[in-house]
Amino acid sequence: MIRFASILALAALVVSLLAAQWPARVSAQDGGRYTGPQSTVPLGFGPSQTAPASLLEESLTPPAQNQVRIRQRVVVRVSPAPPRARSQIMADLPRRPMRRSFEEVEHGNCVDVRAIVGVQPTSDNRLLFFTNEREVLAATLEQSCVARAFYAGFYVEDSDDGQLCVARDLLQSRAGASCEVAEFSRLVAVSQ
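Residues numbered from 1 in each chain as written. Predicted model: local features only at pLDDT ≥ 70, side-chain atom pairs only at ≥ 80, totals over all residues. Heavy atoms only, no water.

> Would you mind going over the nonpolar core in detail, with residue names and values included?
Core analysis: the biggest nonpolar cluster contains 22 residues, and Leu127, Phe129, Leu141, Phe154, Leu164, Leu171 and Phe184 have the highest contact counts within it. When residues of this core are traced back to their parent elements, those giving at least two are strand S1 (75-78), strand S4 (116-121), strand S5 (126-131), strand S6 (136-141), strand S7 (154-157) and strand S10 (178-190). Leave out the neighbours within four places in its chain, and Phe184 touches His107, Gly108, Asn109, Cys110, Val111, Phe129, Ala138, Ala139, Leu164 and Val166. (Core = buried A, V, L, I, M, F, W, Y, C linked by side-chain atoms within 4.5 Å. Buried < 20%, exposed > 50% of the residue type's maximum accessible area, 1.4 Å probe, protein only. Helix = DSSP H or I, 4+ residues; strand = E, 2+ residues; numbered from the N terminus. Contact = heavy atoms within 4.5 Å.)

Printed below as a string of structure tokens:
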């Protein structure tokens, strides 16, 4: 199909070149009939106009490149974990008596943003992050922040390392609040 289109385009170019050399003449004395190639009218291909071959060459040359700056800003949105997703995580766990006690253990100062799949505010002014590695992290917010403002999730600007770090990155709620994380801890189930 492409070969046929290119042959057709080449034929159209040749016909237009030949038509430029065969000017038409229409005279009022002949009643508007075509009398053959006797006129000097070049059918739009005069000496001041560009020849079709040079138009073809110009179309094949790449356009001049100018300097272009692309600035982009990536914002990652983390939504609250839907109840069905939380129950699905729990359903995939091996069947054994459920441990109802959790203990907090230390966690590093950063968390991979793309690992966070859900968030839920707690009554003690913290946020629980649910990760795709089936971990639950508790994020203590700075004192001036209210965790309830993050009931609908949060936005965080994507950093170069892809991490959400303590005292560095701002969590921005959909309601307009913005807070920094003061500390991360990990919740681990313990036997009673």
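> Residues and numbers for the state of the cysteines, please.
In a disulfide, the sulfur atoms of two cysteines are held together by a covalent bond. One pass over the structure, following the stated rule, counts 2 disulfides. The side chain of Cys110 participates in a disulfide bridge whose partner is Cys165; the two sulfur atoms lie 1.9 Å from each other. The disulfide joining Cys110 to Cys165 has a torsion of about 110° about its S-S bond and is therefore right-handed. Placement of Cys110 in strand S3 (residues 110-112) and of Cys165 in strand S8 (residues 163-165) is noted, with a sequence separation of 55 residues between them. Judged by relative accessible area, which is 6%, Cys165 ranks as buried. (Disulfide = S-S within 2.5 Å.)

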